Structure formats: C-alpha cells, structure tokens
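Residue-level listing of the chains:
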Amino acid sequence: MLRTTLAGLLAHKLRLLLTSLAITLGVGFIAGTFVLTDTLQAGFTQRIAASADKVDVAVRPAESGGEKAPRLSTADLTRIRGVAGVAEAQGLVRGDAALVGKDGKAVGSAPTTGFSVVTGRLDRTTIASGTAPTAAGQVVIDTNTAKTRGFTTGDTVTVLDSRHRPHAFQVTGLVDVGVDQMLAYTGAVGFTTATAQAMTGETGFHEIDIAASDGVTPENLRAAITSALGGTGATVWTGQQLAQQLARSNGADTEILTLGLLMFGLVAMLVAALVIYNTFNILVAQRTREMALLRCIGATRRQVFGSILLESAVVGLISSALGLLTGLGLGAGALAVLKATGQNLPSAGVALAPRTIAIALAVGLVVTVGAALLPARTATRVAPIAALRTQTDEQTFTTGMLRIAFAALFLLTGGGLTVAAVVADPGPVALYVAMGGGTLTFCAVLVLGPVIVRPLSAFAGWAPAKLFGVPGRLAMDNSRRNPKRSATTTVALTIGVTLMTLISVITATMRATYTVKLDEQFPVDYMVSAQAGESENSSVPRDLAGALRARPELTSVVEIRQARAGRGGGTGGGSGGGSGGGKLTVGTFSGPYKPALRGGSMTGFTAGSALVSDSVAKDLGVAPGGTITLTTPKAGTVEVRVLGTFDGETEALPGVTVPDGAFDTYFGAVGDDRILVNAKDGVAADVSRKAVEAAAMPYPTAQVVSSTEVRREFDETLDMTLMIIVGLLGLAVLISLLGIANTLSLSVHERSRESALLRALGLTRGQLRRMLSAEALILGLIGAIVGVALGLVFGWVAAQTLMADILFRVPLAQVAGLVALSGLAGVLAAVFPARRAARASIVASLASD
Amino acid sequence: MTVTGAETGRRTMPAVAAKGVTKIYGHGDAAVHALRGVDVGFDTGAFTAIMGPSGSGKSTLMHCLAGLDTVTEGEVRIGDVDITRLGDKRLTLLRRDRVGFIFQAFNLLPTLTAEQNIRLPVDIAGRQVDQELFDTVIGTVGLADRLGHRPSELSGGQQQRVAVARALISKPQVIFADEPTGNLDSRSGAEVLSFLRTSVRDLHQTIVMVTHDPVAASYADRVVFLRDGALVTELAAPTPQTVLDTLLKLEA
C-alpha cells in the first residue's frame, strides 16, 4: 500500500507541486515571522549583554507611580560609593535637552533626550565616530539625528536647557544609541555628567552603575548595596539581571510584532487548508476507479483511508520543509528591507531556532493531513464495483436538511451577535462581539456556499456568457456543475477579499469621520504648541501669543493653558459624589473663544466656577450646579461650582476649564499649552503661515502646525496602515488563486473527454481556452462578490463598534478594483490549465477515461 | 488496390477519399504501423461500414478521415479539400461545418439539455438552426418530449439518438460514427441504426460507420474490410451472414 501511494505521488509531480505551493507559502510566512523576530531579538539580546557586561551591579530607582519619572538622589550615590567592594559608581543622568535644528526650531515633536556619557571602566556608550565629550562645551549626538538633521563631528550646535535657554556646544562625536528605545525615539545628545545635570535640570539619576573591586562577586556586592540602600525601595540588579531585564522589556515589543504577523499567517493557513481540502476531494473523486480497483484486489477501507492520509502527510512534510526554506528567505529579505529603509537594527546572523523548525513542520503537517481527513473518509466509501463502471457519475448536489439546519444556526447566532455589537456602546467588547458574529456568519456562508454558488454563477456569468457566446455559456454551466467544489474554491478567495474590503471600508470610514472631527476640534488655521516634553513646563511663553496678536495677517488668537491639580471629588447635581484622589487636568482659555455647551450656561463664568467636559462630569459624578474640589499649588484647596458641560471630543478645552484670572490664582503664571490662530480673511495661506512662523521664531520649542498638515499626517498614517495590511492579506489571496488554478487544472483533467468532444464538434483551441478562462473569471468574481458583500457589512459593523457617530463610507473605487482584480487573477490562474487543455490531442483524450 | 463505389457504374466525386494513407505511431523499433497505405473513397449519399478484427486500424482510419488525427503519409479529402494540409484552426472550422460525429459513448455534454446538445455544433459555428430540419430530425428520432432533459436523465438509447440528431442538424457533408451501438442493447441499437439508414435514404446523408457488429454493418450499403492496417476486401449490399462469413475468412 505504501509503495502504491508513493508511486502515485511520483507519477503526478505537477499535481503535487501545485498542492504543496499553497502550504509552502503559508508555512513560509509563519516560519519567516519567527526567523525575523528571533533574529531581531537575538541581535538585541547580544547588544544588551555586551553593554550590561561592563556593569557588575546596577541600581534603578523605586517605581513611584507618580507622574514624574523616579530618580535616585546624590545621597544614594554617595551611600553606594561608601559600600565596601565598590571600585567605582557612576550616576546616569537623563532628561529633556532639546537640540535645535538648522532651521532654528527644536528638532522632533518631542525634545531630544540629554544623557550623561560616562568614561572609564563603566563606559557603556558606543561611540560610532569621533570621541566622547570630556569638557563642558562638548556634546555627542546620536547617529540617526545627526544624519537626518545634517550635523556632523566638528559642528557647533545649540541645545536648550530645561528652561529653554540656548547653549552652544561643539560636536565631538556621534553615538550609537543601540537598543535604547527611548533615546532612539527622541534622539539623543550626550554630555559629561556635570553638563548633563546642568542642561536637563535633573539632580537625580535614573540609574547608578557600579563596578566591583577585584575579588568581589557581583552577587555579594549586590547584597551589600541592597542593605546599604535599605528603605529607599530601589531595585538592585547584578549586570546579568540587568541584561535579562532589558532583554525582557525588548522581547515584549518583538512579541507584539510576532503575534501581529502570525495573525496573517493564520489567515493564510486557513486559506491553504481550504485549498488542500478541495484538492484532495477532487483527487479522490477522480481516482474513484483506482480506489475501487484497490478495493477489488483486496485492500481494506482502512488501507484506502491510510493511503490518502499518507499521501497528504508526504505532501505536508515536503511542502513544510520547502516552506521553512522560504521562511528563511522571507525573514532574511525582510531584515534586508528594514535595514535598507534605515531602521537601526543590530546585525546578527539569521536565527533559525529549533522551535521555528518544529512549529513550521507541525503546522504544515497538521493542516495538510487535517484538510485531507474528510476526503480520505469519502474515499473509503468507494464500492469495489465502481471499478467496473466506465463513466464517472455527474456530481449531483441537493441541499440537505442538516446543511440548512447548520447554516440557520450559524446565521442566527452570528446575526444576533452582530446586532448586539452594533447596538452596544462602542468599545473593545463590542468589537470582540462583532468579530465573533462575523466569524459565525462566515461559517454560515461556508456551509451555504454550495447553495448560493448556483445563483451567483448565473449573476457573475451573465456578462461572460454574453461576451464569449457559446464558450461563455458553457463556462457558466461548468462553474456551477459541481457546486461543492466551486464553493470551496471561491470561499478561499472570499476570505482574503472579505478582509481586504473590511479594512478598506474601515479606513475610508475612519478617514471621513476623523476629517469631520478634526474640523470640529481644529476649527482654526494654525495651532502653536510646545514640544511635548517630559518636564512640566512644556509650554510656550505667553509673550508668543502677544506677538501673534500683533501680526496684522492673523486674527482671533486664543491661548489655552493647563496644569494638573489634585482631585478632591465632586458633589451634588449628578448621580452621587465621585471619589476623591488622583489628578485632574485643569485649564483655561484666554481670547475670543465660545465653547458650545451641552448643559448649563456660561453666565457667571467668574472665579469659583468651572466648565467641565462630559467625560469628566461622568467620572466625578457632577452636573451643572454641583461642585468640584481641587487641590492647587498656589491657592491650596478650592471649591469650584460647575456651570456647564461641553463635549470633550469636539471642544479644544481642558477637562476642567476655569476663568483665566482664577487659573493664575490657582497655578501661577503658567505658559500657554497651545495657541489657536486664524488667518485674517483674504490672507493667503503661505503669507499667514510665514507670519505665524515669524512670531514663533524666537521660541525654538514652539511648533506650528496647520489643520491641513494634521489632516495630511493622519491620511498618510491611514494609507500606510492600509497598505501594510492589504499587502499582508495579499498572501492569503495568492494562495486562494493557487487554489483556483489547482481546481481548474484538475477539473480540466477530469473533463478531458468533454473538451475533446467539443473540439471534435468544432470548438477551436482559442474558444476552448476562452471557455476555461471565463470559468475561472466567474469563479473569481463569485469569490469577490461574496467577499465584498461580507466585507461591506462587517466593515460597517466594525466601524460602529469602534466609535460613535461614524460617517460610513464605501471606497467604491477600491472595492470595484478589488472585484476586477479578483476576476483578472482568476483568469491568470487559468492560463496554464487552459493551455494544457487546448494542446491535448483529441483522439488521445477521447480514448482515455 | 483501389476500392471505390465503381460497382454502381456511376463515377461521382466521393464525399470522403483517402489516398495512400499511412499512420505510424512511435519511432524505430517501437514503431507501430497502424495504417499501411490505405486508398478508399466514400460516395455521397451512401452508408458505408468499416469492419475488421481488433487492431486492424479501423478506428485510426476513421480518426484520420475525420481530421481528428494527423496522417504520417498520404492525402485525405473531404469534398474538394485536402485536410492533411490544413492547420488546426482551419481543420477545426472544417470539422465544424462539414463533419458530424457519433461516438460510442460520452457523446453529450452533461451540463447541457438534450436540445442544447443537439444545437451545440450550430451554436459554436454561430449559425442559425434550420428550424424545419430540426423539427424533421426531432420527429424522426422521436425526442420531442425529451428535449429539456439532461443526459443523466436519458437512457443510453435516448442519449445516442440525441447524438444522431446533433450530427444531422448541421447538414454535414459526412457523418462519422464510431461504434454507435456498442453500448446499447439490441433493440435500442436497431433503432439508432434505422435512423441512420433513414437519414441516408431521406436526407441523402453520407455516413461512414466503424463497427465490429455484423448486424450493424448489414444496415450499410457497403462494407469495407481492414486487416493489419490495409484494406483487404469489400462487400456490397451486405447481410449479417455475408459479413460474418467475410470476417471469419479474414480471421482465418
């Protein structure tokens, strides 16, 4: 039996190849994901280990839970230096130090991070070129910032200190920030420790690195330091523990990447499973006589079953192995692409973990054999007498009660969940419910596939039948003659098309909705705000607003200030008093601004009163007429009366808004968080923009954004996301196209006598080719139509669950393009089967079974 | 040896004629000479049967005559066209317009109804069906009430009658029938054969039929006998007995 199976496999290498390709691609993607993320992780770990190796013991401050990053004090450093066995201890300083670019503005949306460069034994900085700073006037910049901002060693640069005062420094070298995500994100400027403290205004340290004296083990030293620091709650690690800790937090990032990519791999494997299932089903149908012959000469049902499973196992194993190789290639390719796009990646050899091999082989094998189970069972039902029949029976399909029952069950529960998700408040829960509803509905479509494929083929085949005449009509008939087979073939494509439609609908809807919200939230032409820094004073001086008001091109300048206040809870007016504790953002506005209130009124908006956003009102349990207790730095505990509420999503105001005079009393002369500016009517955009920029020029950290820029940025982000997701889903679509090609070539093989008859009756080769292309076109269109319908419905549902008040949009061009592409891809998939059919000899085909 | 319908005394141009047709499968030692220089003509409006023992090359001869297979050497004419010189496209069009087929089995497309199957060659050619002829043919083969059925809903005899109707409907210059009764019981077989006979008599249809059944051959005007790829003898106005005797002589 084994030999028969293997001989059969060898005799049909091409069939084997097409079948394997589906699995190979799916497994390749999964293996590639692991190879990529493993390699990244290995590289990071290697670097972390190299860096942490220089440290024997590291101390990190206790988690404070406060808003400001916790720090170790100078006293802690002194105490550590006093511990026996400490050869050297260095405090690491880190804080905002905004590097000013060549345009005179601070670079980036967040200030660059200033850090201390330690020299000597505990030097963990990787200088890429030049030298480390040794004097007060020297600085090193990270390589990426230097490249993007056009700085190089020897340049003189300006860095702002914590009070935004400019200081000139000479660049002595470039530094590679390695795996430090924080430094890589903001960009980094490195100083000597003393300068770093002066520039950042930080007196404490975010870490203290310690080198042990000769003969002292890190473990012993760690114990000694832990007891010396007793009570501060600081974490003391050995160098090794530090490395593990860093690797772990880094690993969390790569894990998210792995999971995200694996989701797409899973979709691809699901599609591959459908393709395999269909292929084996057709193979079994075609080999009915072969199976019957085997049964005639004494093979048991079990042996027939085993032979099919064995065949699938061989196919699964070979294609998984090929998939593994593909994965290695994909992983290496992705790394190369990432590096080429300038990502800061450690260069380590491509990592092929035993786990990757095991998972790839297991997934491929399980999916293939699993998909072949049902077809194998069908094979056991072949009666020995079938060997004697000359003509294979036409597959007749009748809709069974069981099918209807299952479809109804799936449809009802799926529909119910979907409705529940739409009705529910938008949020993650609603989204998950909608996902469940979508999956169940898809199952219903899967079960109903053979039933709906007939009317759909009439629909999708209408145009081809008109266009191609007899071949087109024959193609339509062929596409529906075996509804089960057509349904499985098209469902594979439907999966990809559904997800693509879903994503494009959600993207279009989000784009439309956000554009409108943006207009509401950003009812102005320009917004000037400070770089979002770590320090509290990430604001722009009030003088800037004055300068803007002085500009004749500009009008209606509104300053918005905010600060954090302690929260004393709210009482009255609402549904009971809220609890105290925590912090609230309290702010004010000054200038011509009229908030649209949802409840209450602006009358009497004087000291002692406040407007709150509806979300804050809900949190605190207050309504107009109630009071909120705030703990303020300058005025202590104050009670304010709630006058009115506003929509926090559309109003540009802080959650608790008080009159500007009162704000100064509570918090002192805080700078402006943001300034809203409009161009005067009739002033050209470039003129008004220049006016705003000129006014902001003396303030390096003040950033000017226009509403068009914000919208463009948002559009670009959306486009990018859409492109990546569609690209990743493309794999599933590719596999389903293999499925169409496979089904078609097997059907062509099965119908070779029929094709020969048609040719004998006068169908030209071209007409035969056109007939098969039209059949594939119809299959592709059916898959696309179902996919688009499902995608539109669930796109709408998903958008409903993502946020309230959406503006539903269907990207017609994209959807039409998707349908057209599916049809075209179907035609492409038919090229080879059609050519083979057209070339076949009539006489030989008439003679064969 | 040239065998034509000369015995009638009238020398008309034959509907189909083969001249020195040789067919060799394979090369060198493995070469099989299926046909060894066959010269034969088939008169217009005549019903001719080709007979011979298994492996005598009778099916190959029919395939070559019908333009389904290529010849190694020689010339095949359908009407005034030498089909051995035609490319695939022209050959296909010629088959479509001038040749009808009835095979032993698997004659019909399972997805089409009986009527669609009958109209198929005319539809493929993009021509209009001669409705009067259609009605006559349907009446003759007695399928009027089965036209909407698919092949799977028809008996073997009915399926073959559909095939006969299909062959007749495009008024071909010649119909080739390959063992048309091979899969039928004797009663259905006799029906199909008498339809063929009738179409020759009433419609002046030319029919060339390959068969190994002496009874089927006796419906023909003339029987030609093949052995080892060569034409050996022929019989005019055959009866089952004379056909059987000739076959037995050939086998001996």
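None of these values were measured; they are calculated from a predicted model. Along every chain, residues carry numbers that run from 1 in the direction the sequence is written. Written order decides the labels, with chains lettered from A and ligands numbered from 1. Thresholds applied to this predicted model are a pLDDT of at least 70 for local features of residues and 80 or more for the giving and counting of side-chain atom pairs; totals over whole chains, interfaces and linings are not thresholded and use all residues. With hydrogens and water excluded, all non-hydrogen atoms of the structure serve as input to the side-chain values.

Peer 1: So, the packing of helix α17 (residues 542-550) of chain A against helix α20 (residues 685-696) of chain A: which residues are in play, and what are the values?
Peer 2: Residues and elements named next belong to chain A. The N-to-C vectors of α17 and α20 enclose an angle of 145°; their axes lie 9 Å apart at closest approach. In the packing of α17 onto α20, the handedness of the crossing is right-handed. From α17, L544, A547 and L548 reach across to α20, where they touch V692, A695 and A696. Under the scheme applied, nonpolar residues are Ala, Val, Leu, Ile, Met, Phe, Trp, Tyr, Cys and Pro; charged residues are Asp, Glu, Lys and Arg; polar residues are all the others, including Gly. Residue composition of the contact of α17 with α20, grouped by class: six nonpolar, no polar and no charged. Simply put, an axis is a line fit to the C-alpha atoms, just over the touching stretch for a helix, and the angle between two N-to-C directions goes from 0 to 180 degrees. Counting from the N terminus, the helices are DSSP H or I runs at least four residues long and the strands are E runs at least two residues long. Note on convention: the crossing is left-handed when the near helix lies turned anticlockwise from the far helix by less than a right angle, right-handed when the turn is clockwise. The contact rule is simple, with two residues in contact once any of their heavy atoms fall within 4.5 Å.

Peer 1: Tell me what's going on with the interface of chain A and chain B, and back it up with residues and numbers.
Peer 2: The interface is formed by 23 residues belonging to chain A together with 24 residues belonging to chain B. For this analysis, a salt bridge means a side-chain nitrogen from Lys or Arg found within 4 Å of a carboxyl oxygen belonging to Asp or Glu. Where chain A meets chain B, there are three salt bridges. Elements represented by at least two residues in the side of chain A that touches chain B include exactly α15 (470-481), α22 (752-760), α23 (765-802) and α26 (842-847) of chain A. Per-class residue counts for the side of chain A that touches chain B are 10 nonpolar, five polar and eight charged.

Peer 1: Describe the environment of V208 of chain B, naming the residues involved and giving the relevant values.
Peer 2: All names here are of chain B. Assignment of secondary structure puts V208 in strand β8 (residues 207-210). Judged by relative accessible area, V208 falls into the buried class, the value being 0%. Between the C-alpha atom of V208 and that of D178, which follows or precedes it by 30 residues, the distance is 8.6 Å. The buried label applies to any residue whose accessible area, calculated with a 1.4 Å probe on protein chains only, is under 20% of its type's maximum; exposed applies above 50%, and partly exposed to all values in between.

Peer 1: Please give an account of the nonpolar core that cites residues and values.
Peer 2: Residue and element names in this part refer to chain B. Here, nonpolar core refers to any group of buried Ala, Val, Leu, Ile, Met, Phe, Trp, Tyr and Cys residues whose side-chain atoms link them within 4.5 Å. I50, L65, L68 and F176 are the most contacted members of the largest nonpolar core, which has 147 residues in total. Dropping the residues within four chain positions of it, F176 is found in contact with V16, M62, L65, A66, V99, G100, F101, I102 and V208. Listed in part, the 43 residues of the second largest apolar core include V129, V200, I207 and V223.

Peer 1: Can you break down the pattern of salt bridges residue by residue, with the values?
Peer 2: Applying the stated rule across the entire model yields 34 salt bridges over all chains. A salt bridge links E207 of chain A to R60 of chain A, with the nearest nitrogen and oxygen atoms 2.8 Å apart. Taken together, the residues span a long stretch of sequence, with E207 of chain A in strand β11 (residues 207-212) and R60 of chain A in strand β1 (residues 57-60) at a distance of 147 residues. Residue R60 of chain A is classed as partly exposed on the basis of its relative accessible area of 23%. Two residues, R759 of chain A and D88 of chain B, come together in a salt bridge whose shortest N-O distance is 2.9 Å. Here the residue R759 of chain A occupies a position in helix α22, and D88 of chain B occupies one in helix α2 (residues 88-98), the pair thus bridging two chains. Overlapping salt bridges, with partners in common, bring together R60, R124, E207 and D209 of chain A in one network.

Peer 1: So what about the sheet that holds β1 of chain A? Which residues, and what values?
Peer 2: Residue and element names in this part refer to chain A. Taken in spatial order, the four strands line up as β2-β11-β1-β12 in an open sheet, and their pairing is antiparallel. With partners counted over all chains shown, the strands left at the sheet margins are β2 (86-92) and β12 (235-238), one partner each. Averaged over all adjacent pairs, the angle separating strand axes in this sheet is 20°, with direction ignored. Across the sheet, helix α3 (residues 74-81) is in contact with β1, β2 and β11; its angle to β2 comes to roughly 165°. Whether two strands pair depends on DSSP finding at least two bridges between them.

Peer 1: Give me the lowdown on the confidence of the model for chain A, citing residues and values where you can.
Peer 2: Residue and element names in this part refer to chain A. Residues of chain A with pLDDT of at least 70 account for 92%, and the chain-wide mean is 82. The predictor rates its confidence in each residue with pLDDT, a number between 0 and 100. When mean pLDDT is compared element by element in chain A, strand β7 (residues 138-142) scores highest at 91, while helix α1 (residues 2-11) scores lowest at 68. Note that residues 573-578 has pLDDT below 50 and, in this model, 13 contacts with residues that lie over four places away or in other chains.

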